[in-house]
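# Chain and residue survey
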Amino acid sequence: PATLQPAAVTECAPEKRGVAGLYNLGNTCYLNSAVQCLSQTRLLTELIMSGGDQVLGGSVVAAYTGLLNTLWGMGEAAAPRALKTSISDNV
């Protein structure tokens, strides 16, 4: 969805937003797959990136929001380290 705008970062060309990959941190291939699917779920991504993360709250949502801002804002590969840590701490 080319119309999505990250809350904090808009440095990459519109056609590159949301098409970045995720680094595998040893055992995060399934997590990365889920993140890529969720990232392409337009309504959820629009909600999170328009400040909905403040309504939803929680450390997992905050980490996911940061990851979305990297994927959709800078259009570069990212390591889902903060999200993985947050999920591990909350399970």
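Right, let's walk through the structure included here. Since the structure is predicted, the reported quantities are computational estimates derived from the model, not experimental observations.

### Concerning the environment of Y64
Topologically, Y64 is positioned in helix 3 (residues 59-74). Assessed through its relative accessible area of 8%, Y64 is described here as buried. Ignoring sequence-local partners within four residues, the contact set of Y64 consists of V35, L38, S39, T45, I48 and L83.

### Considering the pattern of salt bridges
Applying the stated criterion across every chain yields a total of one salt bridge. A salt bridge links R42 to E46; its shortest N-O distance comes to 3.1 Å. Of the two residues, R42 and E46 are both situated in helix 2 (residues 42-56); the distance of four residues between them amounts to about one turn of the helix. What makes R42 partly exposed here is its relative accessible area of 36%. For E46, a relative accessible area of 29% puts it in the partly exposed group.

Calculation notes
- Residues numbered from 1 in each chain as written.
- Predicted model: local features only at pLDDT ≥ 70, side-chain atom pairs only at ≥ 80, totals over all residues.
- Heavy atoms only, no water.
- Helix = DSSP H or I, 4+ residues; strand = E, 2+ residues; numbered from the N terminus.
- Buried < 20%, exposed > 50% of the residue type's maximum accessible area, 1.4 Å probe, protein only.
- Contact = heavy atoms within 4.5 Å.
- Salt bridge = Lys/Arg side-chain N within 4 Å of Asp/Glu carboxyl O.

These figures capture arrangement, not role.
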